[in-house]
Amino acid sequence: MIKAAILGATGYAGAELMRLLSYHPDAEIVYPASHSYAGKKFSDIYPGMRGVCDMILREDDIAKAAEEADVIFLSLPAGLASSLVTPEILSKAVVIDLGADFRLHDKSVYESWYKTEHHSPQLLGEAVYGLPEIHRDSIKGKRLIANPGCYTTCSIMTLYPLVKSNLIKTDGIIIDAKSGTSGAGRSEKLGSLFCEVNESIKAYGVTTHRHTPEIEQELSAAADKDIVLQFTPHLVPMNRGILAVCYARIENGVTEDDVSAAYSIYENEPFVRILDTLPETRFVKGTNLVDISWRLDKRTGNIIALGAIDNLVKGAAGQAVQNMNIAFGLPETEGLVTGAGCPF
């Protein structure tokens, strides 16, 4: 059994990790931690887990967690992980960071977008970007895994085949994305209150959203040249889910057969479904699936590629478990095989 620690276990992503790992056949939670709720039962904070996970929450202490666990999941605010993770910690446990501290390769880019100091830049070269469908071979055997962001997972996976196959012009890419309110986290914020969100939709982080450089970094690597794109997120009145609608100009002569061939890169991926119909967030809710579709508009010379995920599963906790499975040599789908519930 893999012994797991979760720091930040009562945030939405951390709680989703607690749920998934409670049912994982080859993992055991040994160190559930929450600074805000230390000493309380997890099921008192999330009553839906009564009888499933009644563990007492401990203080967020990465050193103690490393003594007891094989893998440490960090679900903490930006800036904390880089001050906690050290070579000594990594010598004792695999660290999977659900935050942003080790996703960007360049310290200056991180500090520019996140407006905080990176405390362990010497570890950036040791971290692997944990998007399994693209970096699976690099994840194996790694001690520090940077779990991708939710918007980034959906956007990168939707556009990656087009960029990798040189089917689109890399200047002028636009990503228009919508997320449920759980993406804003569990802490009390005026803009996330029910009355502030219900019956409305709003853009936010226009030109400044922190997931932008992450998307650019990964797509630039795929294209083997620098890509600068436009990313605009929106908040919609639903609990979970992300829909990314991506626009790009096609290269001359690109056909629908070319696009289909490009997306065939995913044909053996257990968590990717390429659809003839258009993706909807309700059909991936609660799952680790990515639904992708596209339409080629010959009239305008554009391609519209669409992706949908559950922001808390494939966009956070589910992908973290997928990374754990790979790192420890387990079947990648272990503990993650489920379809969306019905009704949706």
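Nothing here was measured: the structure is a model prediction, and the numbers come from that model. (Residues numbered from 1 in each chain as written. Predicted model: local features only at pLDDT ≥ 70, side-chain atom pairs only at ≥ 80, totals over all residues. Heavy atoms only, no water.)

1. Some words on the overall build of the protein
Helix and strand counts for the protein stand at twelve helices and 13 strands. Computed over the C-alpha atoms, the radius of gyration of the protein is 20 Å, within 12% of the 20 Å expected from 2.2 N^0.38 for a compact globule of 344 residues. Each of the three principal axes of the protein carries a C-alpha extent, and together these read 60 × 45 × 40 Å. Going through the 344 residues of the protein one by one, you find that 53% of them count as buried. For the protein, long-range pairs separated by at least 24 residues make up 71% of all intrachain contacts whose partners lie at least 6 apart in sequence. Accessible surface, the protein: about 14900 Å² in total, of which carbon and sulfur atoms supply 50%. Put simply, the protein has 32 plus and 43 minus side-chain charges, and the middle of one group is 3 Å from the middle of the other. (Helix = DSSP H or I, 4+ residues; strand = E, 2+ residues; numbered from the N terminus. Rg over C-alpha atoms; globule rule 2.2 N^0.38 Å. Buried < 20%, exposed > 50% of the residue type's maximum accessible area, 1.4 Å probe, protein only. Contact = heavy atoms within 4.5 Å. Areas by Shrake-Rupley, 256 points an atom, 1.4 Å probe, with all protein chains shown as cover. Lys, Arg positive; Asp, Glu negative; His and termini not counted. Charge placed at Lys NZ, Arg CZ, Asp CG, Glu CD.)

2. Remarks on the sheet that holds strand 4 (residues 94-97)
The strand order across the open sheet formed by six strands is 2-1-3-4-6-5, and the pairing between neighbours is parallel. At either end of the open sheet lies a strand with only one pairing partner, and these are strand 2 (27-33) and strand 5 (128-129). (Pairing = 2+ DSSP bridges.)

3. What about the side chain of Asp176?
For Asp176, the position within the fold is in strand 7 (residues 174-179). Only 2.3 Å separates the side chain of Asp176 from the side chain of Lys178, close enough to count as a polar contact. Non-local contacts of Asp176, meaning those with residues more than four positions away in its chain, are made with Thr232, His234, Leu243, Ala244, Val245 and Tyr247. (Polar contact = N/O pair within 3.5 Å; in protein donor to acceptor, adjacent residues only side chain to side chain.)

4. Quick notes on the packing of aromatic side chains
Aromatic ring pairs are reported here in terms of the distance separating the ring centres and the angle at which the planes meet. Summed over the entire model, instances satisfying the criterion amount to three aromatic pairs. Seen in terms of ring centroids, Tyr110 and Tyr114 are 5.0 Å apart; in terms of plane orientation they differ by 15 degrees. Their pairing is stacked. A residue pair is termed a helical-turn pair when its members lie 3 or 4 positions apart in one helix, as Tyr110 and Tyr114 do in helix 6 (residues 107-114) at four residues. The buried category is assigned to Tyr114, whose relative accessible area is 6%. (Phe/Tyr/Trp six-rings, centres within 6.5 Å; stacked < 30°, edge-to-face > 60°.)

5. Quick notes on helix 10 (residues 212-223)
With twelve residues, helix 10 should cover 16 Å at 1.5 Å per step; its first-to-last C-alpha distance of 16 Å lies within 8% of that length. By the criterion of burial, helix 10 is predominantly enclosed, with eleven of the twelve residues buried. Among the residues of helix 10, Thr212, Pro213, Glu214, Ile215, Glu216, Gln217, Glu218, Leu219, Ser220, Ala222 and Ala223 are the ones counted as buried. On its buried face, helix 10 is in contact with helix 6, strand 5, helix 7 (132-139), helix 8 (150-164), strand 7 and strand 9 (230-235). Asp224 lies just past helix 10 and shows a positive phi near 60 degrees. (Expected span 1.5 Å × (residues − 1).)

6. So, the state of the cysteines
Enumeration over the complete set of coordinates arrives at zero disulfides. Counting only cysteine sulfurs, Cys154 is the nearest neighbor of Cys150, a cysteine outside any disulfide, at a range of 9.1 Å. (Disulfide = S-S within 2.5 Å.)

7. Here we look at the nonpolar core
By size, the foremost hydrophobic cluster in this structure holds 41 residues, and its most contacted members are Leu162, Ile175 and Ile303. Listed by contribution, the elements that provide at least two residues to this core are helix 8, strand 7, helix 10, strand 10 (242-249), helix 11 (256-263), strand 12 (290-297) and strand 13 (302-309). When residues in this core are grouped by element, the largest group, nine residues, is from helix 8. Look past the residues within four positions of Ile303 in its chain and what remains in contact with it is Leu162, Ile168, Cys246, Tyr247, Ala248, Ile250, Val259, Trp294, Arg295 and Leu296. (Core = buried A, V, L, I, M, F, W, Y, C linked by side-chain atoms within 4.5 Å.)

8. Quick notes on the sheet that holds strand 11 (residues 272-274)
Across a sheet, strands are paired by hydrogen bonds formed along the backbone, either parallel or antiparallel in direction. Pairing in this open sheet of seven strands is mixed, and the strands run 8-9-7-10-13-12-11 from one edge to the other. Of all the strands in the sheet, just strand 8 (202-203) and strand 11 have a single pairing partner and so form its edges. As paired strands, strand 12 and strand 13 are joined by seven bridges and run antiparallel to one another. Directly across from Asp297, in strand 13, lies its bridge partner Asn302. Along the sheet face, helix 8 touches strand 7, strand 9, strand 10, strand 11, strand 12 and strand 13 and points at about 140 degrees away from the line of strand 13. (Axes fitted to C-alpha atoms, helices over the stretch in contact; angles between N-to-C directions.)

9. Some thoughts on unusual backbone geometry
The phi dihedral of Asn166 is positive, around 60 degrees, even though this residue is not glycine. With respect to the secondary-structure elements, Asn166 resides in the loop between helix 8 and strand 7. With a phi close to 60 degrees, Asp224 is a non-glycine residue in the positive phi region. The residue Asp224 is located in the loop between helix 10 and strand 9 in this model. In this structure Asp224 comes out as exposed when scored by relative accessible area, which is 70%.

Spatial relationships are all this shows, so hold off on functional conclusions.
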